[in-house]
Amino acid sequence: MADPLLRVENLVRRFGGIVATDHVSLDVAQGELHAIIGPNGAGKTTLISQLTGHLTPDSGSIYLGGRDISHLAAYRRSALGLARSFQITSLLLDFTVADNVALAAQAHAGHSFSFWRNARKESGLRMAAQAALERVGLAHRAGVLVSRLSHGEQRELELAVALATKPQLLLLDEPMAGLGVTESARMVKLLQELRKEVTIVLVEHDMNAVFALADRISVLVYGRVIASDVPSAIRQNEDVKRAYLGDQHVVTAHG
Amino acid sequence: MKDKLNARNLVSALLVAGLLLLPLYSQASGNVFVLTLFTRIVILALAAASLNLIMGYGGMMSFGHAAYLGIGGYAVGILAQEGFGSGFLQFPVALAASAIYALVIGALSLRTRGVYFIMITLAFAQMAYYVASGLARYGGDDGLTVYKRSDFGGLINLSNRTQFYYLCLACLLGVVFLIWRIVNSRFGMVVQGLRSNEQRMQAIGFPAKRYKLMCFVISGTLCGLAGALLANNTDFVSPAVMYWTRSGDLMVMVILGGMGVLFGPVVGAVAYLLLEELLSQVTEYWALIMGPLLLLVVLFARGGIMGLLGRLNRG
């Protein structure tokens with residue numbers, strides 16, 4: 001196998017006495033959709049935050065395309081092609097939908113120490129924003145203030161913002177969180193389209209979605225990866241079943 | 001965005017027209033005082049507008065903005081005292097000194113946020129205040145008289161009341177125009193994005209601190225211009241212009257007029273200073289009336305006067 005796009009080696013992060021990330025190692029190949037599942041409190045968001053640079057690991061390394069990014073600031077990782085969506089929607093609420101996405105495009109179109117030209121009239125940025133919005137089906141809402149969007153639309157916008165940074169690797173932290181059945185189905189369809197273009201790490205509770213989408217699944221329990229394999233193998237894995245105990249039907253019943 | 005005929009724009013336009021025509025009124029009525037008063041108002045409106053850039057658009061609550069009034073003023077005063085009377089020297093020095101101060105203070109203060117940012121900017125301004133008080137050669141506590149206003153050759157005579165007023169007004173309008181361009185530029189979008197959600201902005205790839213610091217420096221530099229004008233207006237500069245209550249006045253003007261609205265601070269400065277003037281004619285305890293009035297604005301007119309006008313328009 002060629003070098004993985006993302007390689008995590010022996011990552012450790014402690015909060016006081018709690019080891020939230022316990023020697024996690026992980027490989028994500030180019031083009032793969034890699035899901036990370038695990039019970040609540042397993043340290044999934046902590047892991048994602050270390051990948052994006054919002055948290056610094058206590059030890060261990062993260063490589064993106066062979067380059068050590070363990071200690072790069074969040075904005076530098078973004079420049080290298082790492083994009084994330086937040087579990088709890090994190091957008092510029094008092095900006096319009098189009099402005100949110102255009103800013104993401106702007107972040108990757110040279111520096112922004114430009115003080116005179118009207119940024120909203122830069123057709124390059126606007127077109128990039130429009131394209132990203134069309135991908136997620138939000139183009140018709142471009143002029144609306146984000147605070148007026150429905151929760152489902154905000155989740156889609158999170159995705160559009162991430163896409164507008166032209167990422168190599170998309171880290172999605174529970175994109176279905178709080179979505180209804182129809183909205184979830186739409187999101188799954190959308191991710192099925194996106195995975196053709198970009199490598200995705202998906203953290204998700206919705207097992208239907210995970211087993212429908214993932215090429216590989218890593219199972220995180222108490223900060224440790226207890227299994228990392230293709231979905232069919234994960235479904236048979238005894239450790240995984242034990243970890244989920246009463247929830248084991250969740251893993252076995254679907255698909 | 002297209003210009004619309006709404007209450008906000010109407011008030012802004014009327015205000016600008018009024019300010020432009022004021023010297024004619026002053027001349028016709030023989031009321032010299034009104035021109036003196038409004039020269040001061042226009043200069044402080046300029047300072048408030050510069051504060052609005054970081055406070056309203058950038059979300060950085062600087063409680064030490066009056067320091068730049070002093071730095072700009074002392075640049076003029078000290079150079080004049082040392083025999084450098086040319087405005088072509090004094091004004092650039094005033095701006096450069098303010099920019100350098102802002103760069104140093106900003107680099108240190110922007111490591112903190114929230115209440116700590118407010119307190120640290122306040123602390124630095126108080127330091128500047130005490131440094132000025134200690135300048136024995138330049139009057140110390142008593143301040144420094146500027147015997148001759150900045151000399152711009154034959155270009156403009158600052159000792160002529162009307163010419164000086166128009167210079168101040170031109171500076172104010174120029175700065176407001178500049179801020180308008182800035183907030184709609186790429187840079188301005190980033191700064192406002194950082195106010196809205198810094199974590200998100202970093203995640204999409206913006207180095208937050210750099211942009212905030214740049215904004216802080218621009219704001220301070222523009223306020224230094226107000227300081228240079230103020231020293232010329234009063235022919236005097238003293239540590240008192242840097243005192244923390246003066247920083248508070250500037251904040252009040254911005255909040256009263258409307259944070260993050262282009263003409264907000266101008267409206268706020270005019271309203272605040274006119275009210276202060278009128279009330280102080282009625283009673284020496286004018287602050288007793290002013291205080292509750294400001295409370296009412298903060299409690300019931302969120303977004304200040306401009307916010308009120310904005311709602312008026314939406315019906």
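What counts, and at which threshold
- Residues numbered from 1 in each chain as written.
- Chains lettered and ligands numbered in written order.
- Predicted model: local features only at pLDDT ≥ 70, side-chain atom pairs only at ≥ 80, totals over all residues.
- Heavy atoms only, no water.
- Helix = DSSP H or I, 4+ residues; strand = E, 2+ residues; numbered from the N terminus.
- Rg over C-alpha atoms; globule rule 2.2 N^0.38 Å.
- Buried < 20%, exposed > 50% of the residue type's maximum accessible area, 1.4 Å probe, protein only.
- Contact = heavy atoms within 4.5 Å.
- Areas by Shrake-Rupley, 256 points an atom, 1.4 Å probe, with all protein chains shown as cover.
- Lys, Arg positive; Asp, Glu negative; His and termini not counted.
- Charge placed at Lys NZ, Arg CZ, Asp CG, Glu CD.
- Pairing = 2+ DSSP bridges.
- Buried area = accessible area lost by both parts, 1.4 Å probe.
- Salt bridge = Lys/Arg side-chain N within 4 Å of Asp/Glu carboxyl O.
- Polar contact = N/O pair within 3.5 Å; in protein donor to acceptor, adjacent residues only side chain to side chain.
- Nonpolar A, V, L, I, M, F, W, Y, C, P; charged D, E, K, R; others polar.
- Core = buried A, V, L, I, M, F, W, Y, C linked by side-chain atoms within 4.5 Å.
- Domains from an automatic or database assignment.
- Axes fitted to C-alpha atoms, helices over the stretch in contact; angles between N-to-C directions.
- Phe/Tyr/Trp six-rings, centres within 6.5 Å; stacked < 30°, edge-to-face > 60°.
- Lys NZ or Arg CZ within 6 Å of the ring centre and 35° of its normal.
- Disulfide = S-S within 2.5 Å.
- Expected span 1.5 Å × (residues − 1).
- Arc of directions from axis to C-beta.

S.K.: Can you walk me through the overall build of chain B in this structure?
M.R.: In terms of helices and strands, chain B carries 13 helices and 2 strands. Radius of gyration (C-alpha) of chain B: 19 Å, near the 20 Å computed for a compact globule of 315 residues. Each principal axis of the C-alpha atoms in chain B carries an extent, and together these give about 55 × 45 × 40 Å. Counting all 315 residues of chain B, 55% fall into the buried class. Taking the intrachain contacts of chain B between residues at least 6 apart in sequence as the baseline, contacts between residues at least 24 apart amount to 77%. Accessible surface computed for chain B: about 14,000 Å², of which carbon and sulfur atoms make up 67%. Each charge class in chain B can be summarised by its mean position, and for the 21 positive and 11 negative side chains these summaries are 19 Å apart.

S.K.: What is the right way to read the pairing of strand β10 (residues 224-229) of chain A from this model?
M.R.: For a regular strand, side-chain orientation follows a simple rule: the groups alternate between the two sheet faces. All names here are of chain A. One ladder, built from 5 bridges, connects strand β9 (residues 216-221) with β10; its direction is antiparallel. Directly across from L220, in β10, lies its bridge partner V225. Hairpin connection from β9 to β10: 2 residues lie between these consecutive antiparallel strands, with Y222 at a positive phi of about 50°.

S.K.: Looking at this model, I keep getting lost on the interface of chain B and chain A. Mind explaining?
M.R.: How big an interface is tends to be stated in terms of accessible area lost as the parts join. Contacts between the two partners involve 28 residues from chain B, matched on the other side by 35 residues from chain A. A buried area of about 2,900 Å², summed over both sides, lies between chain B and chain A, and 59% of it is on carbon and sulfur atoms. Considering only the surface of chain B that becomes buried against chain A, R186, M189 and R200 of chain B emerge as the three largest contributors, covering 29% of it. The partner of R186 of chain B in a salt bridge is E122 of chain A, with the nearest N and O atoms 3.0 Å apart. Counting the contacts that link chain B with chain A gives 22 residue pairs in polar contact (both at pLDDT 80 or more). Every element with two or more residues in the side of chain B that touches chain A is listed here: α6 (161-184), α7 (186-196), α8 (198-203) and α9 (208-234) of chain B. Looking at the side of chain B that touches chain A residue by residue, the classes come out as 14 nonpolar, 9 polar and 5 charged.

S.K.: When you look at unusual backbone geometry in this model, what are you seeing that I'm missing?
M.R.: Most peptide bonds are trans, and most residues other than glycine sit at a negative phi. Residue and element names in this part refer to chain A. Backbone geometry places N10, a non-glycine residue, at a positive phi of 50°. Note on placement: N10 falls in strand β1 (residues 6-15). By relative accessible area, N10 is classed as partly exposed at 43%. Phi is positive for E174, which is not a glycine, with a value near 50°. Among the secondary structure elements, E174 is positioned in the loop between β7 (169-173) and α6 (181-194). The buried category is assigned to E174, whose relative accessible area is 8%.

S.K.: Help me understand the nonpolar core, please; the structure alone is not making it clear to me.
M.R.: By size, the foremost hydrophobic cluster in this structure holds 164 residues, and its most contacted members are L157 of chain A together with L229 of chain B. Counting residues per element, this core draws most heavily on helix α2 (residues 32-57) of chain B, which supplies 18 residues. For this core, the two domains that each supply at least three residues are domain 1 (1-81 + 167-255) and domain 2 (91-166) of chain A. Ignoring anything within four residues of it in the chain, the contact list for L157 of chain A reads L91, V97, N100, V101, L133, L138, V146 and L149 of chain A. With 22 residues, the next largest nonpolar core counts V24, I62, L169 and L220 of chain A among its residues.

S.K.: Honestly, the sheet that holds strand β5 (residues 67-68) of chain A in this entry has me stumped. Any pointers?
M.R.: In a beta sheet, neighbouring strands pair by backbone hydrogen bonds and run either parallel or antiparallel. All names here are of chain A. Read from one edge of the open sheet, 4 strands run β2-β1-β4-β5, paired in antiparallel fashion. Pairing within the sheet leaves two strands with one partner each, and these edge strands are β2 (18-28) and β5. In the packing of helix α1 (residues 44-52) onto the sheet, the strands contacted are β1, β2 and β4 (59-64), and the crossing angle to β1 comes to about 120°.

S.K.: Any chance you could explain the domain arrangement of chain A here in plain terms?
M.R.: Residue and element names in this part refer to chain A. Splitting chain A by domain gives domain 1 (1-81 + 167-255) and domain 2 (91-166). Domain 1 and domain 2 are separated by 26 Å when their C-alpha centres are compared. Every contact between the two is made by 20 residues of domain 1 and, on the other side, 13 residues of domain 2. Taking both partners together, domain 1 and domain 2 bury about 1,300 Å²; carbon and sulfur atoms supply 58% of that area.

S.K.: Quick question: what am I supposed to make of the sheet that holds strand β6 (residues 82-85) of chain A here?
M.R.: All names here are of chain A. Strand order in the open sheet made by the 6 strands is β6-β7-β8-β3-β9-β10, with mixed pairing throughout. On the outer flanks of this sheet lie β6 and β10, each paired with one strand and no other. For this sheet the average axis-to-axis angle between neighbouring strands, irrespective of direction, equals 15°. Of the strand pairs in this sheet, strand β3 (residues 33-37) and β9 are connected by 4 bridges, and their pairing is parallel. Looking at β9, one finds that A35 is bridged to I217. The sheet strands contacting α1 are β3, β6, β7, β8 (199-203) and β9, and the helix crosses β6 at an angle near 145°.

S.K.: Please clarify how the packing of aromatic side chains should be interpreted in this entry.
M.R.: Residues and elements named next belong to chain B. All chains considered together, the criterion is met by 17 aromatic pairs over all chains. Measuring from centroid to centroid gives 5.0 Å for Y129 and Y243, while their planes differ by 50°, and the two rings are tilted. On the criterion of sequence distance, the pair formed by Y129 in helix α5 (residues 115-133) and Y243 in the loop between β2 (236-237) and α10 (244-257) is long-range, its members being 114 residues apart. Classification of Y129 by relative accessible area gives buried; the value is 16%. Ring geometry for F206 and Y211: centres 6.0 Å apart, planes at 85°, overall edge-to-face. No difference in accessibility class separates F206 from Y211, as the two residues are buried. Stacked on the ring of F164, the Lys or Arg R149 has its end atom at 4.9 Å from the ring centre.

S.K.: Help me out: how do you make sense of the state of the cysteines in this one?
M.R.: Two cysteines whose sulfur atoms are joined by a covalent bond form what is called a disulfide. Residue and element names in this part refer to chain B. Inspection of the entire model under this criterion finds 0 disulfides over all chains. We note that C168 lacks a disulfide partner, and the nearest cysteine sulfur, in C171, lies 6.5 Å from it. Free of any disulfide, C223 has its nearest cysteine sulfur in C171, 13 Å distant.

S.K.: It is not clear to me how helix α12 (residues 286-300) of chain B should be interpreted in this structure. Could you clarify?
M.R.: One turn of an α-helix holds 3.6 residues; hence residues three or four places apart share an orientation. Residues and elements named next belong to chain B. Helix length check: α12 (15 residues) gives 21 Å between terminal C-alpha atoms against 21 Å at 1.5 Å per residue, within 8%. Listed in full, the buried residues belonging to α12 are M290, L294 and V297. Considered in projection along α12, the buried side chains sweep an arc of 55° and stay on one side of the axis. Every exposed residue of α12 that faces more than 90 degrees away from the buried side is listed here: L288, L295, L299 and F300.

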